[in-house]
Amino acid sequence: MGRVVAAAVYSGGKKVTDISLDEGAAWAAKPGHFVWIGLEEPNAHELANLQRQFNLHELAIEDALEKHSRPKLETFGDALFIVTYSPVRDQGKLEFIETHIFAGNGYIITARNGHSASYGYVRQRCEARPLLLEHGEDFVLYALLDFVTENYQPVSEAIHAEIDELERNVLCDSLNERDIQHLHGLRRDVLRLRRHVAPMVEISEELQKLSFPFIDKNMRPYFRDVQIHVTRQMEDLSTLRDIASQTIEIGVLLEASRQSIVQRKFAAWAAILAFPTAVAGIYGMNFQNMPELSWHYGYFGVLGFISVGCVGLWASFKRSGWL
């Protein structure tokens, strides 16, 4: 069973009274009045009740009972049906809460399918601005879309802070497997946010062009404001995506550089150790005609030769930066 979060009727920029769902159509039919109903996880019976009262299109009701993958706007005669998503990030897990908005002459209906930021704040903000609320349904529609857009900002800022921390760690130390998985997850979340924000640009553009009885042309700048916010959000998310990708690339390059340094050191020490091994191998051959074997100071001479050769190799590698 769904829950009625709030249902009220407004006129002249002020709240008239709270109503039940069954009273909505009667109030909406009165000149100068409009009904604002907020539902949470409504069922088919409740949506059918609203369909009968406000003459909602059957395709809009079918859409409201389904889950969608992206925000969208559809028109049914003189009514609008909008699908929006609010991001919710809890303990690093990103989810999107779907909300359906029915807008028409005399009514605004929101159906939220999940636990996201309450739209009660939107209602309070609208009621605190009676001069704008006097415009009616179009101002409420703008306030709802603006609130949805604002919900993306704290989520993207939290992701940005985590990416910045990982970027600093990359420059100080090598990335471990856990950091790489975390960074990849953040990049994936940014792409998901961008996929849900992008359609809002088209929705705000269409609302500026549509000619509906309940949308005043003087309200079009407000929908343009939503478009500006969404466009800015898209730019921020694109920047975050690039930063995450570059952080992964920098981590890979730095790790390759560190491995190269280690490999050069191994190669240098291997060359140094190979010199005495080669000398010892020569004198370990079982040939009778080896004059140095009968020399009284031969052992000390070979040790000195090996020492000079190893020190010379060490100094050469040190100058070249291999050690």
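Residues numbered from 1 in each chain as written. Predicted model: local features only at pLDDT ≥ 70, side-chain atom pairs only at ≥ 80, totals over all residues. Heavy atoms only, no water.

What follows is about the pattern of salt bridges. All told, the structure shown has nine salt bridges when counted by the stated rule. In this structure, Lys93 engages Glu95 in a salt bridge whose closest nitrogen and oxygen atoms are separated by 3.8 Å. By relative accessible area, Glu95 is classed as partly exposed at 38%. A salt bridge links Arg125 to Asp146; the nearest nitrogen and oxygen atoms lie 3.9 Å apart. (Salt bridge = Lys/Arg side-chain N within 4 Å of Asp/Glu carboxyl O. Buried < 20%, exposed > 50% of the residue type's maximum accessible area, 1.4 Å probe, protein only.)

Trp36, Ile37, Leu80, Phe102, Leu141, Leu145 and Leu207 are the most contacted members of the largest nonpolar core, which totals 77 residues. When sequence neighbours within four positions are dropped, the list of residues in contact with Phe102 reads Leu56, Ala60, Ile61, Ala64, Leu80, Phe81, Tyr107, Ile108 and Ile109. Counting seven residues, the second-largest nonpolar core is a separate cluster that includes Val279, Ile306, Cys310 and Leu323. (Core = buried A, V, L, I, M, F, W, Y, C linked by side-chain atoms within 4.5 Å. Contact = heavy atoms within 4.5 Å.)

So, about the UniProt feature "transmembrane region" (unreviewed entry) in the protein chain. Following the UniProt record, one finds the feature "transmembrane region" (unreviewed entry) at residues 266-285 and 297-317. Across residues 297-317 one finds 95% helix and 0% strand; the C-alpha atoms that close the span lie 30 Å apart. (UniProt positions renumbered as here; feature names shortened; annotations may be inferred. Helix = DSSP H or I, 4+ residues; strand = E, 2+ residues; numbered from the N terminus.)

This part is about empty space enclosed by the protein. Applying the stated criterion across every chain, the model contains three cavities of 30 Å³ or more. Its boundaries defined by the atoms lining it, the largest cavity holds a volume of some 110 Å³. If you trace the largest cavity, you find 13 residues lining it, with Val5, Gly38, Thr110, Tyr119 and Gly120 closest to the centre. Within the residue set of the lining of the largest cavity, elements represented by two or more residues are strand S1 (3-11), strand S3 (33-40), strand S7 (107-113) and helix H4 (120-127). Among the residues forming the lining of the largest cavity, the class breakdown is seven nonpolar, four polar and two charged. Within this model, the second largest cavity holds a volume of roughly 40 Å³. Lining the second largest cavity we find Leu56, His57, Ala60, Phe76, Ala79, Leu80, Phe81, Phe102 and Tyr107. The biggest single contributor to the lining of the second largest cavity is strand S5 (residues 79-90), with three residues. Looking at the lining of the second largest cavity, its residues break down into eight nonpolar, one polar and no charged. (1 Å grid on protein atoms, 1.4 Å probe; cavity = no way out; pocket = protein on both sides within 12 Å on 5 of 7 lines; lining within 4 Å. Points joined across faces, edges and corners; volume = space filled by probe spheres on them. Nonpolar A, V, L, I, M, F, W, Y, C, P; charged D, E, K, R; others polar.)

With that settled, consider the packing of aromatic side chains. A complete count under the given rule lists nine aromatic pairs for this structure. When the ring of Phe54 is compared with that of Tyr107, the centres are 4.9 Å apart and the planes differ by 45°; the resulting orientation is tilted. Within this pair, whereas Phe54 is found in helix H2 (residues 44-54), its partner Tyr107 is found in strand S7, the two being separated by 53 residues in sequence. Neither residue differs from the other here; Phe54 and Tyr107 are each classed as buried. Between Phe139 and Tyr142, the aromatic rings sit 5.9 Å apart at their centres with planes inclined by 40°, giving tilted as the arrangement. One end of the pair is Phe139 and the other is Tyr142, both in helix H6 (residues 137-172) and three residues apart, which spans about a single turn. Pair check on accessibility: Phe139 and Tyr142 agree, each one buried. The rings of Tyr10, Phe34 and Trp36 are connected pair by pair, giving a single aromatic cluster. Across from the ring centre of Trp27, 3.8 Å away, lies the NZ or CZ of Lys30, which sits over that ring. (Phe/Tyr/Trp six-rings, centres within 6.5 Å; stacked < 30°, edge-to-face > 60°. Lys NZ or Arg CZ within 6 Å of the ring centre and 35° of its normal.)

Further remarks concern the pairing of strand S6 (residues 93-104). A large share of S6 lies buried, amounting to 10 of its 12 residues. Taken together, the 11 bridges between S5 and S6 define a ladder with antiparallel strand orientation. Each residue of the ladder has a partner; that of Arg89, found in S6, is Leu94. Where S5 hands over to S6, the hairpin turn is made up of two residues, of which Gln91 adopts a positive phi near 55°. With seven bridges joining them, S6 and S7 adopt antiparallel strand pairing. When the bridges of S7 are listed, Glu98 appears paired with Asn113. Once S6 ends, the chain turns through two residues before running back antiparallel as S7, passing Gly106 with a positive phi of about 100°. (Pairing = 2+ DSSP bridges.)

This part covers the packing of H6 against helix H7 (residues 177-209). Contact geometry of H6 with H7 gives a least axis separation of 10 Å together with a crossing angle of 160°. As judged from the angle between their axes, H6 and H7 are roughly antiparallel. Here H6 runs over H7; the crossing is left-handed. Counting all contacts with H6, which are made through Leu141, Leu145, Thr149, Tyr152, Val155, Ile159, Glu162, Ile163 and Leu166, the residues of H7 involved are Asp179, His182, Leu183, Leu186, Asp189, Val190, Leu193, His196, Val197, Met200 and Leu207. Within the contact of H6 with H7, the residues separate by chemical class into 14 nonpolar, three polar and three charged. (Axes fitted to C-alpha atoms, helices over the stretch in contact; angles between N-to-C directions. Parallel < 35°, antiparallel > 145°, perpendicular 65-115°, else oblique. Left-handed = near helix turned anticlockwise from the far one by under 90°.)

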